[in-house]
Amino acid sequence: MNFFFYTFILAVAVLLFLLAWSLRAPRKRRASSLDPVSSLQDPGRRHATYLPQIRRALAPADFEFLTSHASRELTRRVGKERRRIALAYLSGVQEDFQRLLKLARVIAVLSPEVGAAQEFERLRLGVQFALRCHMIRAELFLGLAPLPQLSGLSQMVSGFAARIETAITELGERAALATELASSLERRGVDLS
Amino acid sequence: MAAIALFQQALWALNSAGEVVLLTLLVVRKNYRSYPAFSLYLLVDLTMGATAFFVYRLWGFDSATAYRIAWGTHGIVLFARALAVAEVCRHLLSRYRGVWALAWRILLLCAALVLCYSILAARHDWKLALLTADRGLGLSIATVIVVLLLFARYYDVKVDPVVRSLAIGFCLYSCFVVLNNTVLERWLHDYSALWNLLGMLAFLASLSIWTGALRHSQSEAQPKEILLPSGIYQAIAPEINLRLRLFNEQLTRFWKVEAGRS
């Protein structure tokens with residue numbers, strides 16, 4: 001009986017926590033940073049498009065050269081800088097991913113039929129992605145992850161975006177869809193901010 | 001004890017007055033058109049409260065007849081509350097046809113599972129059967145509302161302030177019912193005097209939230225949502241999921257490589 005007594009108390013505590021969490025105000029972001037419609041209209045603004053520059057900045061050969069020729073202090077400082085760049089870049093890639101995920105949700109909200117399996121799978125994959133990004137971030141922070149591995153992530157995001165755009169274009173009237181999405185969202189309370 | 005009984009009676013009168021005020025507001029502001037089930041719930045609760053009051057006065061608190069009638073009327077109130085909560089859910093998501101079709105099934109499943117758990121966890125004492133049902137339904141309602149709000153958050157659906165207040169009121173009251181009944185089940189005799197009093201206080205708090213939300217008129221007709229052609233979802237959703245899967249696989253490989261190195 002004790003067990004059930006405590007499970008009810010715990011259940012209420014969890015429900016109250018989730019209630020407060022679900023009601024909290026969404027984080028303020030830059031006006032268009034997570035706007036899926038603008039991501040459709042301006043595909044050139046993604047973080048992933050800066051991959052060649054980032055890859056060059058994080059190339060292991062440069063760092064190896066520096067390690068063998070420069071002082072320890074300089075090497076340490078450069079290593080720290082590289083890590084900071086990698087972390088900022090990872091955040092950017094994650095933002096790209098979130099924007100595309102948001103586009104998927106907006107399409108689901110405005111669709112007359114949605115597939116339960118698709119929605120659950122996307123939820124699961126989204127959670128998985130977020131957890132893994134946190135782990136990579138922790139590794140980068142501790143100096144365990146090699147920086148060039150990030151390129152795999154970026155390529156995946158840019159490929160993903162390109163395929164979505166192709167799919168929408170294949171359906172035709174891409175501009176009309178974007179306008180329709182934008183006006184529907186503005187009119188009917190799907191909060192993009 | 002006498003002080004508690006007096007306070008309880010005063011609170012009963014205050015709750016009834018609060019319900020009358022809210023019902024009047026619903027009629028005057030014509031909000032009953034937008035929230036018919038919620039209005040019905042208040043009316044039923046008020047009527048059943050008055051019935052219980054007269055029954056107890058007629059037969060006394062310890063009478064078995066009064067006990068049966070009072071709990072019987074409570075069953076009707078529970079049913080009306082469930083309808084009002086269903087109305088809140090409909091108000092929030094029904095404009096989005098596809099998501100609503102998915103949401104109501106999940107909400108119903110959640111409610112059924114929680115209710116089953118509550119029944120299994122009960123003492124299986126017939127005297128406590130109604131208490132168990134009350135707690136089970138309270139937990140189901142709280143779960144449904146929390147899942148509903150999580151749904152709205154996940155899909156970035158803007159929650160109308162009135163619907164939000166109704167949901168908060170129902171959820172807080174239901175959570176309190178669960179706690180109150182759980183404590184009562186464990187310390188039956190020591191807690192019974194406080195049980196009713198605290199329950200009424202919790203209801204008064206919810207009533208205040210609802211009255212604050214419904215003091216102004218609401219627009220009756222919800223604007224119709226313009227939906228996208230169904231082909232768009234069917235074409236894009238599997239593509240998105242495929243990319244996400246590939247992305248996660250890439251991350252898994254990366255994680256394994258890292259784990260192997262360290």
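Everything numeric in this text was worked out from a predicted model, so none of it was measured.

Engineer: Tell me about the overall build of chain A, and please be specific about residues and values.
Structural biologist: When helices and strands are counted, chain A shows 8 helices and 0 strands. Along the chain direction, N to C, the helices and strands of chain A fall in the order α-α-α-α-α-α-α-α. Expressed as a percentage of the 193 residues in chain A, the buried residues total 27%.

Engineer: Go over the overall build of chain B, please, and point to the residues and values.
Structural biologist: Summing up its helical and strand segments, chain B has 8 helices and 0 strands in all. Secondary structure of chain B in N-to-C order comes out as α-α-α-α-α-α-α-α. Looking at chain B as a whole, 35% of its 262 residues qualify as buried. Sequence-distant contacts, at least 24 apart, represent 77% of the contacts inside chain B between residues at least 6 apart.

Engineer: Please give an account of unusual backbone geometry that cites residues and values.
Structural biologist: Positive phi, normally seen in glycine, also occurs at K30(B), with a value near 60°. Looking at where K30(B) falls in the secondary structure, it is placed in the loop between α1 (2-28) and α2 (36-59).

Engineer: Kindly report on the nonpolar core, identifying the contributing residues and their values.
Structural biologist: Residue and element names in this part refer to chain B. Formed by 80 residues in total, the largest nonpolar core has its most connected members in I145 and L148. Looking at this core, you find at least three residues from each of domain 1 (2-227) and domain 2 (228-262). Discounting chain neighbours no more than four positions away, the residues touching I145 are V85, A167, F170 and C171.

Engineer: Give me the packing of helix α3 (residues 64-93) of chain B against helix α6 (residues 161-186) of chain B: which residues, what numbers.
Structural biologist: Helices that pack against each other are described as a pair by the angle of their axes relative to one another and the distance between those axes. Residue and element names in this part refer to chain B. Look at α3 against α6: their axes get within 10 Å of each other, and the N-to-C directions meet at 145°. Note that α3 runs across α6; the crossing there is left-handed. Between α3 and α6, the contacting residues are V85, V88, H91 and L92 on the first element and V163, L166, A167 and F170 on the second.

Engineer: I'd like to hear about the confidence of the model for chain B, residue by residue, with values.
Structural biologist: Residue and element names in this part refer to chain B. Per-residue confidence for chain B gives a mean pLDDT of 85; residues scoring 70 or more make up 87%. For chain B, helix α8 (residues 230-261) is the element with the lowest average pLDDT, namely 68, and α6 is the one with the highest, namely 92. Every residue in residues 257-262 is under pLDDT 50, and counting partners more than four places away or in other chains gives 4 contacts.

Engineer: Account for the environment of C110(B), with residues named and values stated.
Structural biologist: Residues and elements named next belong to chain B. Along the polypeptide, C110 turns up in helix α4 (residues 97-120). The partly exposed category is assigned to C110, around which 16 C-beta atoms lie within 10 Å. Those residues in contact with C110 that sit more than four places away from it in its chain are T143, V144 and V147.

Engineer: Would you mind going over helix α1 (residues 2-23) of chain A in detail, with residue names and values included?
Structural biologist: Taking 1.5 Å of rise per residue, 22 residues should cover 32 Å, and α1(A) covers 32 Å from first to last C-alpha, within 8% of that figure. Of the residues making up α1(A), those classed as buried are F8(A), A11(A), V12(A), L15(A) and L19(A). Buried positions in α1(A), seen along its axis, are confined to an arc of 95° and lie on one side of it. Among the exposed residues of α1(A), those oriented more than 90 degrees off its buried face are N2(A), F3(A), Y6(A), L10(A), A13(A), V14(A), F17(A), A20(A) and W21(A). Those residues of α1(A) that are buried are in contact with α5 (129-154) and α6 of chain B.

What counts and what doesn't
Residues numbered from 1 in each chain as written. Chains lettered and ligands numbered in written order. Predicted model: local features only at pLDDT ≥ 70, side-chain atom pairs only at ≥ 80, totals over all residues. Helix = DSSP H or I, 4+ residues; strand = E, 2+ residues; numbered from the N terminus. Buried ≥ 20, exposed ≤ 12 C-beta atoms within 10 Å, placed from the backbone. Contact = placed C-beta atoms within 7 Å. Core = buried A, V, L, I, M, F, W, Y, C linked by C-beta atoms within 7 Å. Domains from an automatic or database assignment. Axes fitted to C-alpha atoms, helices over the stretch in contact; angles between N-to-C directions. Left-handed = near helix turned anticlockwise from the far one by under 90°. pLDDT = per-residue confidence, 0-100. Expected span 1.5 Å × (residues − 1). Arc of directions from axis to C-beta.

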